[in-house]
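# Understanding the architecture of this molecule
Here's the letter readout for the chains.
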Amino acid sequence: MQRIEWKKKDSRNVMETVEQCGVPYLSFPVLEETGLVTHGFSTRLGGVSEGVYASMNFSFTRGDEPEHVRENYRRMAKALGVEAESMVLTYQTHTVNIRRTGKEDRGKGVFRERDYRDIDGLVTDEPGVTLVTFFADCVPLYFLDPVRHAIGLSHSGWRGTVGKIGKITVERMGEEFGSKPEDIIACIGPSICKDCFEVGEEVVELFAKAFPSKIHDRLFSPNGKPGKYQLDLWEANREILLEAGIRPERLQVTNLCTCCNPDYLYSHRKMGEKRGNLCAFLALKEE
Ligand SMILES: [Zn+2]
């Protein structure tokens, strides 16, 4: 196994690094322990892409060889223990739109054309359907309702966070599957940390409007440069999920930053456009 030395923001072991079939990926023990789902968050390692895409790139739209990307999906599927054909991809454009998906969507985005667009979150209650979302600093949100056997997976960049896509996903699981927020296990995955995420006043103003003033100090702080702030997307998403009714003891927040770990993770802030994409994966196991 390749030795990975994560730079963590604190000493907690929120996520585990596992390696299967030569592919290392990150996993939340709190999801794994339920025995209900297969899930993971990819790293840059274990794939076949080259150059700035090296090596586990999942994006078909950044200039990488499509055959390499497809092979990366096959490798990741094998490592996770799901069928590559079971994967259903989002069509991310920083919206707060959620799609209820199912077996009819299997393979869309990898082996078949997607017949939808502007979708930043997926929910399903069907086993054999692997939800897939893309990242390179934005925040992955995993949801499992162990009572109704339903799942959700969302992409929460700063725009999605202002729009509270996390809360919208929880509400949608309620509408579609009868999920109660207090039953749901939620995990906030690897993404950019507050120290690495500088934003301008125009972004901070949107956050100031979207969140109660008593928590503003925790979400953003001026960094000494004129009109510049450090913004905490982990804390903002934690607040959103608590507001949505998730119980604190069922909510996990990562301590792994994509920008602090460029050897293992792609980061837009660190690499700009010359990079690949990471993915989050989540599927209900067949009963
Ligand atoms: Zn960082």
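Read on for an overview of the structure. Values in this document were obtained by computation on a predicted structure and should not be read as measured data. What you see as residue numbers is a count from 1 along each chain, following the sequence as written. It should be noted that, the model being predicted, local features are given only for residues of pLDDT at least 70 and side-chain atom pairs only at 80 or more, the latter also being counted only at that level, while totals for whole chains, interfaces and linings use all residues.

Next up on the list: the nonpolar core. What makes a nonpolar core is a set of buried Ala, Val, Leu, Ile, Met, Phe, Trp, Tyr and Cys residues, with links drawn between C-beta atoms within 7 Å. Note on burial: count the other C-beta atoms lying within 10 Å of the residue's C-beta; 20 or more is buried, 12 or fewer is exposed, in between is partly exposed, and C-beta positions come from the backbone. Counting residues in each nonpolar core, the largest one holds 82 residues, and the members touching the most others are Leu131, Tyr142, Phe143, Ile151, Ala186, Leu231 and Leu282. Counting residues per element, this core draws most heavily on strand β15 (residues 278–284), at seven residues. Any pair of residues counts as being in contact when their C-beta atoms, constructed from backbone geometry, are within 7 Å of one another. Setting aside residues no more than four positions away along its own chain, Ile151 makes contact with Val37, Val123, Thr124, Leu131, Phe143, Leu144, Leu282 and Leu284. By the criteria applied, helices consist of DSSP H or I runs no shorter than four residues and strands consist of E runs no shorter than two, each listed in order from the N terminus.

Following DSSP output, two strands are said to pair if at least two bridges run between them. Taken in spatial order, the six strands of this open sheet run β1-β2-β3-β15-β7-β4, and their pairing is mixed. One side of each edge strand has no neighbouring strand; the edge strands of this open sheet are β1 (16–20) and β4 (87–89). Averaged over all adjacent pairs, the angle separating strand axes in this sheet is 35°, with direction ignored. In the sheet, β4 pairs with strand β7 (residues 130–135) via three bridges, with the strands oriented parallel. Within β7, the residue paired with Leu89 across the bridge is Val132. In this analysis an axis means a line fitted to C-alpha atoms, helices contributing only their contacting stretch, and an angle means the value between N-to-C directions, from 0 to 180 degrees.

Every other side chain in a regular strand lies on the same face of the sheet, so the side chains alternate between the two faces. The buried count for strand β3 (residues 37–42) comes to six of six residues, which makes it a mostly enclosed element. Relative to β3, strand β2 (residues 23–27) is paired through two bridges, and the arrangement is antiparallel. Bridge pairing links Tyr25 to Ser42 in β3. When β3 meets β15, the two strands line up antiparallel, connected through five bridges. Each residue of the ladder has a partner; that of Gly40, found in β15, is Phe281.

Given the number of residues in a helix, its expected span is that number minus one, multiplied by 1.5 Å. For helix α2 (residues 66–80), spanning 15 residues, the distance from its first C-alpha to its last is 21 Å, which sits close to the expected 21 Å at 1.5 Å a residue. For α2, the secondary structure elements touched by its buried residues are β1, β2, β3, β4 and β15. Gly81 sits one or two positions beyond α2 and adopts a positive phi of about 85°.

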